[in-house]
Amino acid sequence: MARTEVSGKDWLSDLPCHLLCRILSKLSTKESVRTSILSRRWSNLWSLVSVLDLDFQDFKGVHDMGEFIDSFMESHEELGLKLKRFNLFYAVHEHFHKVFVRRLNKVVKLGVCDLTIQNMVDVDEALVRMPLSLYSCATLVNLIVYCVVFDHPGSKSVSLPSVKKMYFEGVKFDGHSVLETLISSCPVLEELTVIPHPEDYLEVIRVRSQSLESFRLESKRFECDNPNVEIDAPSLKFMSIFDNKPESLKIHRIGPFAEVTVDVEFDVEYDDPSEIAKVHNFLVGLSSFHELTISARTLESIDEYSKVEPLPPFSNLFRLDASLVESSWEVLPAFLGCCINLDSLVLELDHVPEMEEIKLSPVPQCVLSSLDFLQLKTPSTPSKMKLATYFRKNCTTLTKMLLSGR
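Residues numbered from 1 in each chain as written. Predicted model: local features only at pLDDT ≥ 70, side-chain atom pairs only at ≥ 80, totals over all residues. Heavy atoms only, no water.

**With respect to the overall build of the chain**
Looking only at helices and strands, one finds eleven helices and 19 strands in the chain. With the principal axes as the frame, the chain shows a C-alpha extent of 80 × 65 × 35 Å. Relative to its full complement of 406 residues, the chain shows a buried share of 47%. Here the contacts in the chain between residues at least 6 apart in sequence split such that 61% fall between residues at least 24 apart. When the accessible surface of the chain is totalled, it reaches about 19600 Å², and 51% of it is carbon and sulfur. Taking the 43 positively charged and 58 negatively charged side chains of the chain as two groups, their mean positions are separated by 9 Å. (Helix = DSSP H or I, 4+ residues; strand = E, 2+ residues; numbered from the N terminus. Buried < 20%, exposed > 50% of the residue type's maximum accessible area, 1.4 Å probe, protein only. Contact = heavy atoms within 4.5 Å. Areas by Shrake-Rupley, 256 points an atom, 1.4 Å probe, with all protein chains shown as cover. Lys, Arg positive; Asp, Glu negative; His and termini not counted. Charge placed at Lys NZ, Arg CZ, Asp CG, Glu CD.)

**What about unusual backbone geometry?**
Within the chain, Cys 147 stands out as a residue other than glycine whose phi angle is a positive 55°. On the secondary structure map, Cys 147 appears in the loop between strand 5 (142-146) and strand 6 (148-151). You will see that Glu 326, though not glycine, has its phi angle at about 60°, which is positive. Along the chain, the position of Glu 326 falls in the loop between strand 16 (319-323) and helix 8 (333-336). Given the relative accessible area of 72%, Glu 326 is considered exposed.

**Observations regarding the layout of surface pockets**
The calculated volume of the largest pocket comes to roughly 270 Å³. Lining of the largest pocket is provided by 13 residues; of these, Arg 22, Ser 25, Ser 50, Val 51 and Lys 84 occupy positions nearest its centre. Here the lining of the largest pocket takes three residues from helix 1 (residues 17-24), the largest share from any one element. By residue class, the composition of the lining of the largest pocket is five nonpolar, three polar and five charged. (1 Å grid on protein atoms, 1.4 Å probe; cavity = no way out; pocket = protein on both sides within 12 Å on 5 of 7 lines; lining within 4 Å. Points joined across faces, edges and corners; volume = space filled by probe spheres on them. Nonpolar A, V, L, I, M, F, W, Y, C, P; charged D, E, K, R; others polar.)

**Thoughts on the nonpolar core**
If you look at the biggest cluster of nonpolar residues, it comprises 108 residues, and the most contacted ones within it are Phe 150, Phe 168, Ile 231 and Phe 335. Among all residues touching Phe 335, those that are not within four sequence positions of it are Leu 286, Leu 292, Ile 294, Leu 299, Ile 302, Leu 311, Phe 314, Leu 317 and Leu 320. Residues Leu 20, Leu 24, Trp 42 and Val 51 belong to the second largest nonpolar core, which totals seven residues. (Core = buried A, V, L, I, M, F, W, Y, C linked by side-chain atoms within 4.5 Å.)

**Side note on the pairing of strand 5**
For strand 3 (residues 114-119) and strand 5, the ladder comprises five bridges, and the chain directions are parallel. Its bridge partner being in strand 5, Leu 115 is matched across the sheet by Leu 143. (Pairing = 2+ DSSP bridges.)

What follows is the structure, encoded as structure tokens:
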């Protein structure tokens, strides 16, 4: 308790109820309940908090947890209180779908703003399914879910007018249009993360949003039935795409100064024009990037393409962070040769190329004459200083060079 040395007065308990509830809302529900033993003033305050943050492991079983949730929400309903945040770590031994959905329906009814479901249940190889009421929750702002299923809404309208953040990890979408429908129903969406369940077989991951500022896609699928990925988000400031072998990757629009990370590879038959077109469409989108972090396997795919088709100019590219880890120097020059206005280059290598390799695949003159900043992340070997000297002597506009380990 916060008491003065002179009077011993409990200043904290004298605060108004709404301020004490705000303090308790920063705690988990378990911690909040524990404050009830402090004094009579605190005995029921936890039940008035607008947050329910629960871990199944804190209860004896699913029945006890369910009774606690029901009692808490019934009290809020009777008093006309809102439930602003609902966070559930769900790891029950028995899952009762109808009861689970009924409770989440009440969470939606109580005006939830922040909803997090961390599901650890796998019932007969079917994940926990979300209620359809969630698809039209007008108060929802942040939605974070792990290992759940979103069913097709059918004829039910989908409207999420307040959602700014959606995070889907290990999620299955029961219908190829479900994800796209959810995204398009969020007119103020700013942040989106999609990490599909390895056995989710979406044919298309289509992201169309005028408001989206941050997008991350990380596909952990098996190597079959990979999706077509399409991005049209002109306000994007950050984008990260990791996908083993997308069927295609087409980027229509992103923000003009977006920071982009790409780690993909293409499984392409280069004697098939339609297959070649998939890589071409990706490169056309890439040509609009301003700042790019690119993986070794993506550079390898681009290098393979350059042997059968000319690369487009990447004249907008200002900063490039390129990894050659577990790859070779020779995959880099073809790409660099199209970066005619490159100002900043960061190279990460797990082994330093010998000068003979560089002479066979030299850094293009357009880069040597435009580069202002260079960083070499390489192991410390005698060849490292030779590589640094090569750039220092040949880069006519270089003003700063950093040498670091990896």
